[in-house]
Amino acid sequence: SQQGEEDPQALSIQEGENATMNCSYKTSINNLQWYRQNSGRGLVHLILIRSNEREKHSGRLRVTLDTSKKSSSLLITASRAADTASYFCARGSQGNLIFGKGTKLSVKP
Amino acid sequence: NAGVTQTPKFQVLKTGQSMTLQCAQDMNHEYMSWYRQDPGMGLRLIHYSVGAGITDQGEVPNGYNVSRSTTEDFPLRLLSAAPSQTSVYFCASSYSSVGGETQYFGPGTRLLVL
């Protein structure tokens, strides 16, 4: 399988804490994306980081990319109960995207 | 602007039956994709298309056919359903963009094959 790997598979934290999820991949990339999926719903795009970028921010999200280690991390700061969802990294282009297996985040109020 | 729409939302089939999962987008996106999602497996690409008349296989194409006669529509056909095709199916579309493209997902079709 070409799927990337996220870790941890599941993460449970209290509201207000930070959540960090990691993604590893095996092949070279032009960019890497993170998506969120609420239970039973379609995926929603969160952020895209290009291979020449090391860090990118969007609101409470911070994504880092280390192409030498073939890894990326997604940090959600000051988490809220509404952040409870599964988070996936993805790479690829032209409709041919490969997704990881995801991290299931549970934020308890 | 409806985005990506999928029908039906839920379907029950018997082994050996055929059906078509419909997917449409109104954003004039070039690229369209079909994924299946099974518990603990993330999303796996079934087929994708880079434009009308052009399709290609993804990671798990066996048992599925696709065609793309228009930019808007990308139906997925199951010719002879098997219990192993029980899954949630997502259609997505995206457009060409320098630096990377964002996929827009439909709400999914839940398929149960008995």
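Report follows, based on the coordinates. (Residues numbered from 1 in each chain as written. Chains lettered and ligands numbered in written order. Predicted model: local features only at pLDDT ≥ 70, side-chain atom pairs only at ≥ 80, totals over all residues. Heavy atoms only, no water.)

**Some points on the overall build of chain A**
Okay, step 1: A tally of helices and strands in chain A yields zero helices and eleven strands.
Okay, step 2: N-terminal to C-terminal, the α/β element order of chain A is β-β-β-β-β-β-β-β-β-β-β.
Okay, step 3: For 109 residues, the compact-globule formula gives about 13 Å, and the C-alpha radius of gyration of chain A, at 13 Å, lands near that figure.
Okay, step 4: Each of the three principal axes of chain A carries a C-alpha extent, and together these read 40 × 30 × 20 Å.
Okay, step 5: Here chain A holds 109 residues, and the buried ones make up 44% of them.
Okay, step 6: Put simply, of all contacts in chain A between residues at least 6 apart along the chain, 54% involve residues at least 24 apart.
Okay, step 7: Roughly 5400 Å² of accessible area belongs to chain A as shown, and the carbon and sulfur atoms make up 43% of that amount. (Helix = DSSP H or I, 4+ residues; strand = E, 2+ residues; numbered from the N terminus. Rg over C-alpha atoms; globule rule 2.2 N^0.38 Å. Buried < 20%, exposed > 50% of the residue type's maximum accessible area, 1.4 Å probe, protein only. Contact = heavy atoms within 4.5 Å. Areas by Shrake-Rupley, 256 points an atom, 1.4 Å probe, with all protein chains shown as cover.)

**Remarks on the environment of Ser67 of chain B**
All names here are of chain B.
Okay, step 1: Here Ser67 is to be found in the loop between strand S7 (64-66) and strand S8 (76-78).
Okay, step 2: In this structure the C-alpha to C-alpha distance between Ser67 and Asp38, which are 29 residues apart in sequence, comes to 24 Å.
Okay, step 3: Residue contacts for Ser67: discarding those within four places in its chain leaves Thr55, Asp73, Phe74, Pro75 and Arg77.
Okay, step 4: At 3.2 Å, the side chain of Ser67 and the side chain of Arg77 are in polar contact. (Polar contact = N/O pair within 3.5 Å; in protein donor to acceptor, adjacent residues only side chain to side chain.)

**Describing the interface of chain A and chain B**
Okay, step 1: Of the residues lining the interface, 22 residues belong to chain A; the matching set on chain B comes to 25 residues.
Okay, step 2: Buried area between chain A and chain B, both sides added, is near 1800 Å², and the carbon and sulfur share of it is 50%.
Okay, step 3: The interface formed by chain A and chain B holds zero salt bridges in total.
Okay, step 4: Listing elements by their share of the side of chain A that touches chain B, those giving two or more residues are strand S4 (31-37), strand S5 (43-50), strand S9 (85-93) and strand S10 (96-99) of chain A. (Buried area = accessible area lost by both parts, 1.4 Å probe. Salt bridge = Lys/Arg side-chain N within 4 Å of Asp/Glu carboxyl O.)

**Digging into the pattern of salt bridges**
Charged atoms that come close allow side chains of opposite charge to pair.
Residue and element names in this part refer to chain A.
Okay, step 1: Summed over the entire model, instances satisfying the criterion amount to five salt bridges over all chains.
Okay, step 2: Between Asp83 and Arg36 there is a salt bridge; the shortest N-O distance is 3.9 Å. One end of the pair, Asp83, is in the loop between strand S8 (71-76) and S9; the other, Arg36, is in strand S4, with 47 residues separating them in the sequence. Accessibility classification places Asp83 together with Arg36 in one group, the buried group.
Okay, step 3: Asp83 serves as the salt-bridge partner of Arg60, at 2.9 Å between the closest nitrogen and oxygen. With Arg60 in the loop between strand S6 (55-58) and strand S7 (61-66) and Asp83 in the loop between S8 and S9, this residue pair connects regions lying 23 residues apart in the sequence.
Okay, step 4: Connected through salt bridges with shared partners, the residues Arg36, Arg60 and Asp83 form a single ionic network.

This is a description of form; function is not addressed.
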